[in-house]
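Take a look at the letters that make up each chain.
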Amino acid sequence: MGNRRLTDQQRRRIEENAVKRRENASAGITEDKEGMIVARYSKTAVVRAGNGETHNCHLRPNLSHLVAGDQVLWANEETGAYVTSQLERRSELKRPDARGQLKAVAANVDLIAIVFAPEPEPHANLIDRYLVAAHMANIDTIIILNKSDLLDQHPEHDALLESYRTIGYEVMTSGPTPEETQALSDKLGTRTSVFVGQSGVGKSSMLNRLLPDAELRVGALSEGVLKGRHTTTTAEVFARPNGGFIIDSPGIREFGLQHIDLTLVAPGFMEFRPFLDQCRFRDCSHLVEKDCRVLAAVESNEISSERYESFVNIVRDIDTQSY
Ligand SMILES: Nc1nc2c(ncn2[C@@H]2O[C@H](COP(=O)(O)OP(=O)(O)OP(=O)(O)O)[C@@H](O)[C@H]2O)c(=O)[nH]1
Ligand SMILES: [Mg+2]
Ligand SMILES: [Zn+2]
């Protein structure tokens, strides 16, 4: 085998390939390399190469669904840099777009940081909706109460945070002091975290405190939130100096869960889980059934009525939308 002589044709092809490679190299054309989508725009994306440099890339038309955090292959071609393919996602956080289609917001995240604050007034059960979505996506969560400096005027939010801590969720406060920023930094560690929550709760501000070089735009509440304008308009990935990434995401007004299977809502409520296989009926909806263990747990205060109402609210939302 090894001694077989090359035909003239084979030799010519090898030489041609070598010439082509040298030409490509001198024209800056490269072979496919791995990278990460840092920010996604309509027909282009910023890609972070392995060495940390960023490149503005065109997207092939079949790659229109790429989002911040996606791992991709990209290459320099004659007409510019291109993302050529998408690599498999390890996780994805999805939410419905304006037309109700379920779309990924961020990919390959380890932690969803659900941010709320005394101002703007938190939307009822937005936190629970995120918790359900995170459970479905099998991504860890932390609930963060930002603007701790406003808590004196709003002790009820501290109580809300405590109620989640009691259930068993991971929670923390965040605010303007360096100590709070350090605690947040330690908590996130080298994971890839995405900051989510209503517009104006301070997601970009928290990022600016963690990474002063990021200089993200933050919005004044009076303008941004009251007029319904969102300061951050596209999700963006930031590398942390000691490893790990944080993804800033645009604030949302509501988080519809209409597209999910009804049976996936209850397991998204952590404290419901021990009761779910103890109902009389296997397909119990936990709304009206006889001998429903969840309803009994609400009765005996093992489940809080607030969380149960939130569950009903989400289920009713799905139910009305499917007719
Ligand atoms: N008092 C107080 N205000 C804060 C804190 N963090 C952020 N803010 C203010 O909250 C407002 C909104 O902050 P942003 O960081 O733009 O909020 P966001 O969540 O990124 O908003 P979107 O990008 O629209 O989703 C700004 O006026 C910030 O200065 C805080 O810890 N305490
Ligand atoms: Mg923002
Ligand atoms: Zn039940």
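Keep in mind that this is a model prediction, so the values were computed, not measured. Throughout this description, residue numbers start from 1 for each chain and increase along the sequence as written. The order in which chains are written sets their letters, starting at A; the order in which ligands are written sets their numbers, starting at 1. The model is predicted, so local features are restricted to residues of pLDDT at least 70 and side-chain atom pairs to those at 80 or more, both for listing and for counting; the totals for chains, interfaces and linings are taken over all residues.

Asker: Got a minute to help me understand the environment of N138 in this structure?
Answerer: As for its placement among the helices and strands, N138 is situated in the loop between helix 2 (126–137) and strand 9 (140–145). Expressed as a C-alpha distance, the spacing of N138 and G175, which sit 37 residues apart in the sequence, is 28 Å. Working definition: helices are DSSP H or I runs of at least four residues, strands are E runs of at least two. Numbering for both runs from the N terminus.

Asker: Help me understand the packing of helix 4 (residues 178–188) against helix 5 (residues 203–210), please; the structure alone is not making it clear to me.
Answerer: Packed helices, taken two at a time, are described by the angle their axes make and the gap between the axes. Helix axes are fitted only over the stretch in contact, all axes being lines through C-alpha atoms; the angle between N-to-C directions runs from 0 to 180 degrees. Here helix 4 crosses helix 5 at 90°, and the two axes come no closer than 10 Å. Our classification of the angle between helix 4 and helix 5 gives roughly perpendicular. Touching T181, L184 and S185 of helix 4 are M206, R209 and L210, all from helix 5. Taken together, the residues of the contact of helix 4 with helix 5 break down into three nonpolar, two polar and one charged. Angular relationships are summarised with four words: roughly parallel below 35 degrees, roughly antiparallel beyond 145, roughly perpendicular across 65 to 115, and oblique for the angles in between. It is the C-beta atoms, placed from the backbone, that decide contacts: two residues are in contact if theirs lie within 7 Å. All amino acids are sorted into three groups, where Ala, Val, Leu, Ile, Met, Phe, Trp, Tyr, Cys and Pro are nonpolar, Asp, Glu, Lys and Arg are charged, and the leftover types, Gly among them, are polar.

Asker: Explanation requested: unusual backbone geometry in the structure shown.
Answerer: A negative phi angle characterises most non-glycine residues, just as the trans form characterises most peptide bonds. For the peptide bond that leads from E119 to P120, omega is -5°, which places it in the cis range. Structurally, P120 is set in the loop between strand 8 (111–116) and helix 2. Backbone geometry places H286, a non-glycine residue, at a positive phi of 60°. One can find H286 in the loop between strand 13 (245–248) and helix 7 (293–299). Working definition of burial: number of other C-beta atoms within 10 Å of the residue's own, with buried at 20 or more, exposed at 12 or fewer, and partly exposed in between, all C-beta atoms being placed from the backbone. Residue class for H286 comes out buried when judged on the 24 C-beta atoms lying within 10 Å of it.

Asker: Please explain the domain arrangement of the protein chain as it appears in this structure.
Answerer: Often, the extent of an interface is quoted as the loss of accessible area on bringing the components together. All domain edges in this entry derive from an automatic or database-based domain assignment. Here the protein chain is described as being made up of domain 1 (17–86), domain 2 (92–248) and domain 3 (262–321). The centre of domain 2, based on its C-alpha atoms, is set 27 Å off from the matching centre of domain 3. When residues of the side of domain 2 that touches domain 3 are traced back to their parent elements, those giving at least two are helix 2 and helix 3 (155–167). A per-element tally of the side of domain 2 that touches domain 3 places helix 2 first, with six residues. For the side of domain 2 that touches domain 3, the class distribution of residues is five nonpolar, four polar and two charged.

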